[in-house]
Amino acid sequence: MIKSYKDSGVDKEEGYKAVELMKKNVLKTHNKSVLTNLGSFGAMYELGQYKNPVLISGTDGVGTKLEIAMKQKKYDTVGIDCVAMCVNDVLCHGAKPLFFLDYLACGKLDAKIAAQLVSGVTEGCLQSYAALVGGETAEMPGFYKDGDYDIAGFCVGIVEKENLIDGSKVKEGNKIIAVASSGFHSNGYSLVRKVFTDYNEKISLKEYGENVTMGDVLLTPTKIYVKPILKVLEKFNVNGMAHITGGGLFENLPRCMGKDLSPVVFKDKVRVPEIFKLIAERSKIKEEELFGTFNMGVGFTLVVEEKDVEAIIELLTSLGEIAYEIGHIEKGDHSLCLK
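The model shown is predicted, which means the values in this text are computed figures rather than measured ones.

(A) Local environment of the sheet that holds strand β3 (residues 131-139). Taking strand neighbours across the sheet as the criterion, the four strands line up as β1-β4-β2-β3 in an open arrangement whose pairing is mixed. Looking at the sheet topology across the chains shown, the edges are occupied by β1 (53-61) and β3. Averaged over all pairs of adjacent strands, the angle between strand axes in this sheet comes to 15 degrees, irrespective of strand direction. Those strands touched by helix α4 (residues 111-127) are β2 (96-106), β3 and β4 (149-160), and its axis lies near 165 degrees from that of β2.

Listed below in structure tokens is the structure:
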């Protein structure tokens, strides 16, 4: 006989416990613009002094990378992925992230696991200047299996209208700068999980070190580009930017320019990390399919004037990023040319 909500599979007390465990980390992300405490019906955020502000929003999730986290019982990194997938998109328009909200769903709530997941979200927010102003934790027994979790997020950023980057300034002859990724990021994992099935396998890769587990490599968080790219925008004019996510360079790079332009990327200039070479070796995936699915080591791109290329690369390098030129812009049909 059902006598309480708990008997239906939803434990409110565990939810309250989860919130208490999350609070300390969440509050680290708050700043003077956050006008409400956790627990309000809505989050209030004061914009401050802007002349003509434009709000840029983005939302995304982590995808099937979560399956690896659940199998490895490592929950503190995928929250970074969740934030990164949103803030890196917002950044493409020159916007500084203001605030972030997360959504966590599960079959049976474990407060400690939920707190670990949200600890990753707070770390991602700290890496991107975003305040974690709210969220939702949904326990849905019978809909999700016990032990299953899903996480998604929503970000709002801001940019002065005069500084908005919308691709309209990209022109023929501009150069393309690549900023290195940290691995697969959070895309293509339905394919990754088909090729790499043993997460406890020990491997040695230049980018990750000796004798690391495949699970740890695959759970490497998505790189957040906010801080270094905003530094670039303080000193240089950037005509276009692209976050290289699902669909790789083929789908994402053309998005940051007009329909009459095409990006040209030279394969021999792309510094492909060993993990991408390994997935090619262990599968029958063709090169074009790899470039059309994964970032192939290029997590973010900037389209800039030729005269600024060297100085921008020098600045990014000084900030700890791996950055280099990979191509240019030509008149074309809006499709990427991979040479």
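Next comes the rest of the description.
(B) Highlighting the sheet that holds strand β11 (residues 323-331). With mixed pairing, six strands are arranged side by side in an open sheet as β8-β10-β5-β11-β9-β12. Edge positions in the sheet fall to β8 (240-243) and β12 (337-338), since each has one partner strand and no second. Examined bridge by bridge, strand β5 (residues 175-180) and β11 share five bridges and lie antiparallel to one another. The partner of Ile177 across the bridge, within β11, is Glu325. Seen against the sheet, helix α3 (residues 78-91) touches β8 and β10 (298-304) and runs at an angle of roughly 165 degrees to β8.

(C) How the structure looks around the UniProt feature "domain: PurM-like N-terminal" (unreviewed entry) in the protein. According to UniProt, the positions carrying the feature "domain: PurM-like N-terminal" (unreviewed entry) are residues 54-159. Annotation note: span residues 54-159, helix share 37%, strand share 37%, distance between end C-alpha atoms 5 Å.

(D) Geometry of helix α9 (residues 274-281). Taken as a whole, α9 has its buried residues at Ile275, Phe276, Leu278 and Ile279. Projected down its long axis, α9 carries its buried residues within an arc of 155 degrees, all on one side. Residues of α9 that are buried in the fold lie against α5 (189-195), β6 (202-205), α6 (214-218) and α10 (287-291).

Conventions adopted
- Residues numbered from 1 in each chain as written.
- Predicted model: local features only at pLDDT ≥ 70, side-chain atom pairs only at ≥ 80, totals over all residues.
- Heavy atoms only, no water.
- Pairing = 2+ DSSP bridges.
- Helix = DSSP H or I, 4+ residues; strand = E, 2+ residues; numbered from the N terminus.
- Axes fitted to C-alpha atoms, helices over the stretch in contact; angles between N-to-C directions.
- Contact = heavy atoms within 4.5 Å.
- UniProt positions renumbered as here; feature names shortened; annotations may be inferred.
- Buried < 20%, exposed > 50% of the residue type's maximum accessible area, 1.4 Å probe, protein only.
- Arc of directions from axis to C-beta.

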